[in-house]
Structures are given as C-alpha cells and as structure tokens.
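Coordinate inspection notes
Each chain, letter by letter, is given below.
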Amino acid sequence: MGRIRKIPQRICVGCQKARGKKELIRIVRTPDLQVKIDATGKLSGRGAYLCRDLECLDLAMTGKKLQRALHADLPPEVVENLKAQLA
Ligand SMILES: [Zn+2]
C-alpha cells in the first residue's frame, strides 16, 4: 500500500467540510482575547476556519457555530471585515 502524503486539512465551521488550510480563512481568538482574521495563518490562539464563501459565514453565524468554536463573541467589525473579504 502506498502512503498518501497528507496535506494539512481543517474543517470549515460553516459547511463542516475538510479542506486544505490555504483554501480557508482562519479566524483566531488571541491569548489576549481579541478576535481577528488571521491573514498569515500564524497568529497564536484558538482558531476557527471558514471557506472563502459567504454562505459558509452565514452558516457559521447561524447557531453561533463560529462563536462556539472560538469560545468568544464575534465583534461586529470582524463580521463586516469577513463579509468584505468573502464578497
Ligand atoms: Zn465551508
């Protein structure tokens, strides 16, 4: 059996599909409790991932999935920023 090299995959909190990290936007709750969009993928903290798709953002907001994944509230400016990036 050949081994398949694994690409790091993360699950979108919206649609729950696994995708390569680079296809997803990372949102992070930093150790000082700020919620940020992590453009570099390197910020430390608790992360959540979203497809680059407004529908996934909507899904993730419904039922507060994103908030639960981050264990933090989403500041309105972060939501606006995400919408702008996904539109
Ligand atoms: Zn998704």
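Scope of this entry: the structure provided in the associated data block.

Definitions and cut-offs
- Residues numbered from 1 in each chain as written.
- Predicted model: local features only at pLDDT ≥ 70, side-chain atom pairs only at ≥ 80, totals over all residues.
- Heavy atoms only, no water.
- Core = buried A, V, L, I, M, F, W, Y, C linked by side-chain atoms within 4.5 Å.
- Buried < 20%, exposed > 50% of the residue type's maximum accessible area, 1.4 Å probe, protein only.
- Helix = DSSP H or I, 4+ residues; strand = E, 2+ residues; numbered from the N terminus.
- Contact = heavy atoms within 4.5 Å.
- Salt bridge = Lys/Arg side-chain N within 4 Å of Asp/Glu carboxyl O.
- Donors = N, O, S within 2.8 Å, 3.2 Å for Na, K, Ca; no water.
- Tetrahedral: all angles 85-135°; square planar, octahedral: opposite > 155°, others 65-115°.
- Arc of directions from axis to C-beta.
- Pairing = 2+ DSSP bridges.

So, about the nonpolar core. Judged by nonpolar contacts, the single largest core of 22 residues is most densely connected at Ile-27, Val-35, Leu-50, Leu-66, Leu-70, Leu-74 and Leu-82. Listed by contribution, the elements that provide at least two residues to this core are strand E3 (24–29), strand E4 (35–38), strand E5 (46–51), helix H1 (54–61), helix H2 (65–70) and helix H3 (76–86). Not counting residues up to four positions away in its chain, the partners in contact with Leu-50 are Cys-12, Val-13, Gly-14, Glu-23, Leu-24, Ile-25, Ile-27, Cys-56, Leu-57, Ala-60, Leu-66 and Leu-82.

A few words now on the pattern of salt bridges. Tallying each qualifying case throughout the model produces two salt bridges. Among the ionic pairs, Arg-26 bridges to Asp-38, the shortest N-O distance being 2.6 Å. Of the two residues, Arg-26 is situated in strand E3 and Asp-38 in strand E4; the sequence distance between them amounts to 12 residues. Both residues of the pair, Arg-26 and Asp-38, belong to the buried class.

Before going further, it helps to spend a moment on the coordination of the zinc ion. Distances from the zinc ion to its protein donors, namely Cys-12 (SG), Cys-15 (SG), Cys-51 (SG) and Cys-56 (SG), fall within the range 2.3 Å. Of note is the zinc ion, whose four donor atoms meet at the metal with angles of 103 to 113 degrees in an arrangement that counts as tetrahedral. Read in sequence order, the donor residues for the zinc ion give the motif C-x2-C-x35-C-x4-C. On the basis of relative accessible area, Cys-51 is assigned to the buried category, the value being 4%. The class for Cys-56 is buried, based on a relative accessible area of 5%.

Because the α-helix completes a turn every 3.6 residues, residues three or four places apart line up on one side. Every buried residue of H3 is listed here: Val-78, Val-79, Leu-82 and Leu-86. When H3 is viewed along its axis, its buried side chains cluster within an angular range of 100 degrees and face the same direction. Pointing more than 90 degrees away from the buried face of H3 are the exposed residues Pro-76, Glu-77, Glu-80 and Ala-84. For H3, the secondary structure elements touched by its buried residues are E3, E4, E5, H1 and H2.

In terms of residue burial, E3 counts as a mostly covered element, since five of its six residues are buried. Strand direction decides the pairing type here: E3 and E5, joined by six bridges, are antiparallel. Considered in E5, the bridge of Leu-24 is made with Cys-51. As defined by bridge partners, E3 adjoins E4 across four bridges and the pair is classed as antiparallel. Its bridge partner being in E4, Val-28 is matched across the sheet by Lys-36. Hairpin connection between E3 and E4: a loop of five residues separates the two successive antiparallel strands, and Leu-33 in this loop has a positive phi of roughly 70 degrees.

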